[in-house]
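Summary of the model geometry
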Amino acid sequence: MVNIFALDIGGTKIACGIYDENLDLVREWKVPTGKSLSDIEGAVLKACRRAREEAGIAAIGISAAGNIKPDRRTIAFSTNIPCWIEYPLADIIEAECKVPVIVENDANAAGWAEFAHGSGQGSSNMVMVTLGTGMGGALVLNKELYRGSFGMAGEVGHLPMVSSGLPCGCGLFGCAEKYASGTALETLAKQAVRRDPEAGSKLLELCEGDPEKITGSLVFAAAEAGDELSLSIFRETGSWLGKTLAAISAVLDPDTYVLGGSAATPLLLAEARSAYPKFLQASSFRPHAEIRLAKFSGDAGMIGAADLALRKVRE
Ligand SMILES: [Zn+2]
């Protein structure tokens, strides 16, 4: 029996999971990430030692927020963990644990999980779009993860959709994630309620009168209950999402889109499906990509990292 250890290293916590060779979860736990370079390294190595002692492991797969070098061993930089610059994570763990280690960007790992075991199964060219605070992406082209020449591919949230549009955290303006993400949904709802409290009465009731408390899931709940304002916000966000997917199709022509993340709800899926053909080039003359919701949620990064590590063992 082969066991794999997978870690998903985020800015505040490290999720750890031991998987068997069928990728069934054997055991999982979480530890705080820590702040300094030595704290984080200590937490990661301690988790790896624990996994090795408890289960015996054949390889380690790591999903981490950051720009990973093409050899999938070194983290070039990470916005979530700023002390990681040219950081040889795989070398450090291999020296301690003596098993192969593979490091993958968290969005790519989640995309790979969907392609190999989730809603993207059977696809040849799949694009995963993760909708949360922002909009992330992963590309699987010709059944392989596509990282780009500099490890920067798949940043679908920063497609420039609107010239002189809303300012984005990346320093540019009018990026897709400012119009189609969990945050965009919230921002639109807050603006709409302040502009017209009467039309926003259902949302105001749900947020106890404080528009600042409006979240994406609250807008979803109101829309599900038939609230017209919330439905219109979903139509607008879904339309932007459909337009973004059509822009991706113009370049990559995938057969499948998988929508994941906390804001990927059935309602947004329906709106994106209806908007997509309107923006698709030669829409009536071509097959349309399937647009589906993701199978996995928060554990997608770990499952993807575990699968990539297992493939490494079987190479
Ligand atoms: Zn941007």
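Residues numbered from 1 in each chain as written. Predicted model: local features only at pLDDT ≥ 70, side-chain atom pairs only at ≥ 80, totals over all residues. Heavy atoms only, no water.

1. Comments concerning the sheet that holds strand β12 (residues 256-260)
Which entries qualify depends on this criterion: When DSSP finds at least two bridges between two strands, those strands are taken to pair. In this text, helices come from DSSP runs of H or I with a minimum length of four residues, and strands from runs of E with a minimum of two, each type numbered from the N-terminal end.
Across the sheet, five strands lie side by side as β11-β10-β9-β12-β13; this open sheet has mixed pairing. The open sheet has two free edges, formed respectively by β11 (144-145) and β13 (290-293), since each of these has just one partner strand. Of the strand pairs in this sheet, strand β10 (residues 135-141) and β11 are connected by two bridges, and their pairing is antiparallel. Bridged to V140 within β11 is L145.

2. Some details on the pattern of salt bridges
Rules: Criterion for a salt bridge: a side-chain nitrogen of Lys or Arg within 4 Å of a carboxyl oxygen of Asp or Glu. Relative accessible area decides the class of each residue, using a 1.4 Å probe on protein chains only: under 20% of the type maximum gives buried, over 50% gives exposed, and in between gives partly exposed.
As enumerated under the stated definition, the model contains 17 salt bridges in all. For E96, the salt bridge identified is with R49, shortest N-O distance 2.7 Å. Linking E96 in helix α2 (residues 89-97) with R49 in helix α1 (residues 37-55), this pair joins segments that are 47 residues apart in sequence. What makes E96 partly exposed here is its relative accessible area of 28%. Residue class for R49 comes out partly exposed when judged on its relative accessible area of 30%. The residue D91 makes a salt bridge to R73 at a minimum N-O spacing of 2.7 Å. Of this pair, D91 sits in helix α2 while R73 sits in the loop between β5 (67-68) and β6 (75-77), placing them 18 residues apart in sequence.

3. Structural notes on the domain arrangement of the protein chain
Short version of the rule: Domain delimitation in this document rests on an assignment produced automatically or drawn from a domain database. For this analysis, residues touch if any pair of their heavy atoms sits within 4.5 Å. Accessible area that two parts lose when put together, evaluated with a 1.4 Å probe and summed over both, is termed the buried area.
In terms of domains, the protein chain is made up of domain 1 (4-111 + 299-314) and domain 2 (122-294). One C-alpha centre belongs to domain 1, the other to domain 2; they are set 29 Å apart. Of the residues lining the interface, 10 residues belong to domain 1; the matching set on domain 2 comes to nine residues. Of the roughly 790 Å² buried between domain 1 and domain 2 on both sides combined, carbon and sulfur atoms contribute 55%. When the area that domain 1 buries against domain 2 is broken down by residue, the three leading residues are N67, N108 and G111, summing to 51%. At the junction of domain 1 with domain 2, the criterion picks out one salt bridge.

4. Some points on the coordination of the zinc ion
Threshold: Ligating atoms shown are N, O and S within 2.8 Å of the metal, or 3.2 Å for Na, K and Ca, and water is not included, meaning a site may look less than complete. Square planar and octahedral assignments, for four and six donors respectively, both demand that opposite donors be over 155 degrees apart and that all other angles lie between 65 and 115; tetrahedral needs four donors with all angles between 85 and 135 degrees, and anything else is irregular.
Coordination of the zinc ion by the protein involves H158 (ND1), C168 (SG), C170 (SG) and C175 (SG), with metal-donor separations of 2.0 to 2.4 Å. Considering all four donor atoms around the zinc ion, the spread of angles at the metal, 106 to 118°, places the coordination shape in the tetrahedral class. On the accessibility criterion, H158 (25% relative accessible area) is partly exposed.

5. Side note on α1
Under the convention used in this document: Here, expected helix span is obtained from the residue count minus one, scaled by 1.5 Å.
Its 19 residues give α1 an end-to-end C-alpha distance of 27 Å, which sits within 8% of 27 Å, the value for a rise of 1.5 Å per residue. Those residues of α1 that sit buried are I40, A43, V44, L45, A47, C48 and A51. On its buried face, α1 sits against β1 (4-9), β2 (13-19), β3 (25-32), β4 (59-64) and α2. One or two residues past the end of α1 sits G56, with phi positive at roughly 70°.

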